[in-house]
Amino acid sequence: MRENDVFDDDWSAEDDDLVRSALDSLRADVTAVPLAPVSEVKGGVQAPRRSRWLMTGAGLAAAGLVVAAVGLSGVLRSDRHTGDPAASSTTQSSTTTSSTSSSSSDASSSSLSSPATLTEEQWRDLIASSAVLLPIGTEWQQALGLEAAPTVADAAASGGLEDPLCLANPGGMLVDAQTVTAAGAPAPFASERVWIFDDESAAVAALNTMSTAFGSCATPGPKGGLTPQSTDALEERPFLWSFTTDEGGAGWVVLTQVGRHLSYLELWESPGTSEVELGQIARLSWVMNARLLQADGGGSGSAAGPLVLGPPGKVPPLNLFVEPADFASPVLTDGGASESASWEFEGSPVVTQGCDADTSGSGVFGIMKVKIAGKDASFFASQRIRQVAEGESVQELQDRLTTGFTGCTVTEGQTTTTAVTGAHPGQFTVTTTFADGTDPFTEFVAITPTKTPGYVSTITLWVSAAELNHEVYIGELNRLSALAAQR
Amino acid sequence: MTALDFDSFYRDTAHRVIHLVYATTGDLTLAQDCTQEAYARAWQRWSQVSAADDPLSWVRTVARRLAISQWRKDTNRGEAHRRLALVPEEPARPAEDRAYVVAALKTLSPQHREVLALHYLLDMSVEQIADDLGSPVGTIKARLHHGRKALAEALRAKEGGHA
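Because the structure is predicted, anything quoted here is derived from the model rather than measured.

Rules used throughout
Just so you know, the residues in each chain are numbered from 1, in the order the chain's sequence is written. Chain letters start at A and ligand numbers start at 1, both assigned in the order the entries are written. It should be noted that, the model being predicted, local features are given only for residues of pLDDT at least 70 and side-chain atom pairs only at 80 or more, the latter also being counted only at that level, while totals for whole chains, interfaces and linings use all residues. Excluding hydrogens and water, the side-chain values take into account all heavy atoms of the structure. Secondary structure elements are taken from DSSP: a helix is a run of H or I of four residues or more, a strand is a run of E of two residues or more, and numbering for both begins at the N terminus. Only protein chains enter the accessibility calculation, which uses a 1.4 Å probe; a residue is then buried when its area is under 20% of its type maximum, exposed when over 50%, and partly exposed in between. In this analysis, two residues are considered to be in contact whenever any of their non-hydrogen atoms come within 4.5 Å of each other. Accessible surface area values rest on a Shrake-Rupley calculation with a 1.4 Å probe, where residue burial reflects the displayed protein chains alone. Take the accessible area each of two parts loses on contact, using a 1.4 Å probe, and add the two losses: that sum is the buried area. Salt bridges are defined by distance alone: a side-chain nitrogen of Lys or Arg within 4 Å of a carboxyl oxygen of Asp or Glu. Between N or O atoms, a polar contact is any pair within 3.5 Å; within protein, one atom must be a potential hydrogen donor and the other a potential acceptor, and residues adjacent in sequence are included only when both atoms are from side chains. A strand pair is defined by DSSP finding two or more bridges across the two strands. The criterion is simple. A nonpolar core is a set of buried Ala, Val, Leu, Ile, Met, Phe, Trp, Tyr and Cys residues joined through side-chain atoms within 4.5 Å. The split into domains, and so the bounds of each, comes from an automatic or database assignment of domains. In this description, the term disulfide denotes a pair of cysteine sulfurs within 2.5 Å.

Each helix and strand in chain A was counted, giving 10 helices and 17 strands. The 487 residues of chain A split such that 52% are buried. Across chain A, contacts joining residues at least 24 apart in sequence account for 66% of those joining residues at least 6 apart. With an accessible surface of roughly 19,200 Å², chain A has 51% of that area assigned to carbon and sulfur atoms.

Structural data, given as structure tokens:
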């Protein structure tokens, strides 16, 4: 019984055997049912892809799934400015699996100067106007030269997205997924999504994995496969592919990787009267890159930034979170560095043992958990950013979250959790005790609106009783909540 | 590893993964479905997964995540069924002499079940579970501490009623 050295309680070997044998007994139910044939396992994931194609085909009144590679030379418009990513000559690229990261590229100094539809300054202003990871409707409009901005909508609302083409799933954490629908159209013509990885090397590896998959794409996917494309201006990141749609038109795939982010765009129908051209897709690629650069700290090559988990497509902008390195202090990390790290997100926004009123997995929220750098099992803090719900004010959200802790006492079996209001508004000390004398543990909580309107931060410090000095930890909580309030 | 190795890997390990997910959710059908989906995803990227230090850990994690996500959706769907007075499909049921074990497990929260399954079926330490789930060691200790006591009590109560 390995935990007897941890718990000095009345847990007996007999109890332990009872629990272990009960859990072991479930094995009989498991082995009573034969495994699915391995061929079924290997083939089982093809169904969603087929259904997506059929669904899309039906939505577009498509006659079939016959596709073929398309040659794109000569399709560029003649009115583009020099320096526009859409103005460069087109080639078919044969190098699609380079491990070159685009994270060192800087949108503001890129050789890709202003696309024709907007000046460079206008593009910069447009990208800076919102802290999102993927192109917004206006950017789609300007990049593709559309008369009206398409609707970019959370893909979760439409039941989520199918796997990327060629089942090229990159792993990582999906942080945003959207459909793009032309004004007045009944169905989307494109989708876009972005994943985050533990580190840049993992994102680069995922980029290469997807590139390789596109290069040797078997069914399910376009029958003619994907054809790598490039432009002179995008030579350093030639992650563009074309395919022929079931109507014989041009379909496109774009990958963009910056730092720990990897975004994927898939376009399967023209949103206007003419086919989408390489130059237009190149603009979108440029915007995708600029958006990720902005999220990654402007492409300055700065710290990796926070690793934030939350519901797909509903994670707040990462710049609202306190830098993970700022959690480090002599008190919290014994002078060592701190870092955000991955953990298993299971959909719940709850970050404290009890009394947390934020229990709904719906809405926009993200959680960052912080540990001592390089040390296992050392998580000591978290920050949750919650966006106000529709029709809710920041004050109402703040009140809702603080009310949960105010006067809270929760007893669950032999554990009792009690929250005590702190000296500052929104601060609480939450202590969990055990009836059998097991050491209690304490959580220090600070609920703070962010400077950016519409969000409330909840910072939690986890401390074991053996090392507890309230004043010291409340001081740390004040420091961190002040940083959160500046975001 | 080769394609043949995937076949062996699947046949040798899939029951263990189903067992873990079954203990975590108390739902055998869900465990079977999510395990199959996890192996299907592993097959999609087998060159990567097979090169990992512990391919089984990858599959296990994916299966548990799928199950917890699906379990949450099913809970919501079940609530909708109740509100609309609809009758949901019958899930696979445990054998009679394990029914009380499943019933006892379902008296625990998903978080408690998960920690118990990881600890007792995978022999993971408190520290390993804390690292895996991104929780403080104290939280995992509390869940294990409370969960196993609650399960032992529920087992004894249901065992008495079952006998």
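Moving on, we get to the interface of chain A and chain B. Of the residues lining the interface, 58 residues belong to chain A; the matching set on chain B comes to 66 residues. Interface of chain A and chain B: buried area, both sides summed, is about 5,600 Å²; carbon and sulfur atoms make up 60% of it. The tally of links between chain A and chain B comes to 1 salt bridge. As a salt-bridge pair, Asp-15 of chain A and Arg-156 of chain B come within 3.0 Å of each other at their nearest N and O atoms.

Take the side chain of Ser-481 of chain A next. Residue and element names in this part refer to chain A. Inspection of the secondary structure assignment puts Ser-481 in helix H10 (residues 470-485). Accessibility expressed as a relative area gives 11% for Ser-481, which makes it buried. Of the polar contacts made by the side chain of Ser-481, one reaches the backbone oxygen of Asn-478; its length is 3.2 Å. Ignoring any residue separated from it by four or fewer positions in sequence, one finds Ser-481 in contact with Gln-427, Ala-446, Thr-448 and Ile-459.

What follows deals with the pairing of strand E8 (residues 261-267) of chain A. Residues and elements named next belong to chain A. Most of E8 is tucked away, with 7 of its 7 residues classed as buried. Strand direction decides the pairing type here: strand E4 (residues 190-196) and E8, joined by 7 bridges, are antiparallel. In the sheet register, Ala-190 faces E8, and the bridge partner there is Leu-267. Relative to E8, strand E7 (residues 250-258) runs antiparallel, the two sharing 7 bridges. Across the sheet, residue Gln-257 finds its bridge partner in E8, namely Leu-262. Here E7 folds back onto E8, and the loop between the two strands holds 2 residues, one of which, Gly-259, carries a positive phi near 55 degrees.

Residues Leu-23 of chain A together with Phe-6, Tyr-10, Tyr-39, Leu-151 and Leu-155 of chain B are the most contacted members of the largest nonpolar core, which totals 60 residues. Residue contributions to this core peak at 10 residues, all from helix H1 (residues 3-25) of chain B. When we break this core down by domain, the ones giving at least three residues each are domain 1 (1-93) and domain 2 (94-163) of chain B. In this view, Phe-6 of chain B contacts Val-38, Val-41 and Lys-42 of chain A together with Tyr-39, Ala-42, Trp-43 and Trp-46 of chain B; residues no more than four positions away in its chain are not counted. Leu-133, Val-194, Val-322 and Phe-444 of chain A belong to the second largest nonpolar core, which has 40 residues in total.

The subject of this paragraph is helix H5 (residues 137-144) of chain A. Residue and element names in this part refer to chain A. Counting buried residues in H5 gives 7 out of 8 residues, a clear majority hidden from the surface. Along H5, the residues that are buried comprise Gly-137, Glu-139, Trp-140, Gln-141, Gln-142, Ala-143 and Leu-144. Lining the buried residues of H5 we find helix H4 (120-128), strand E2 (151-154), strand E3 (173-181), E4, E8 and helix H7 (278-295). Positive phi appears at Gly-145, one or two residues downstream of H5, with a value of about 70 degrees.

Tracing the chain through its elements places Leu-165 of chain A in the loop between E2 and E3. For the pair Leu-165 of chain A and Phe-214 of chain A, spaced 49 residues apart in sequence, the C-alpha to C-alpha distance is 7.6 Å.

Let us look at unusual backbone geometry. One non-glycine residue, Asp-334 of chain A, adopts positive backbone phi at about 55 degrees. Its location among the elements puts Asp-334 of chain A in the loop between helix H8 (330-333) and strand E10 (338-340).

This part takes up the state of the cysteines. Residues and elements named next belong to chain A. A full pass over the atoms with the stated rule returns 1 disulfide over all chains. Cys-355 shares a disulfide with Cys-408; S-S distance 1.9 Å. Around the S-S axis, the bridge from Cys-355 to Cys-408 shows a dihedral of about -80 degrees and counts as left-handed. One end of the pair, Cys-355, is in the loop between E10 and strand E11 (365-372); the other, Cys-408, is in the loop between helix H9 (394-405) and strand E13 (409-412), with 53 residues separating them in the sequence. Judged by relative accessible area, Cys-355 falls into the buried class, the value being 11%.

Residue and element names in this part refer to chain A. Structurally, Arg-291 can be placed in helix H7. Arg-291 sits in the buried class, given a relative accessible area of 0%. C-alpha separation for the pair Arg-291 and Ile-136, spaced 155 residues apart in sequence, amounts to 9.8 Å. Residues in contact with Arg-291, not counting those within four places in the same chain, are Leu-126, Ile-127, Ser-130, Val-132, Leu-133, Leu-134, Pro-135, Ile-136 and Glu-139. Here the side chain of Arg-291 touches Glu-139 through a polar contact of 2.8 Å, side chain to side chain.

Fair warning: the whole summary comes from geometry, so function is off the table for now.
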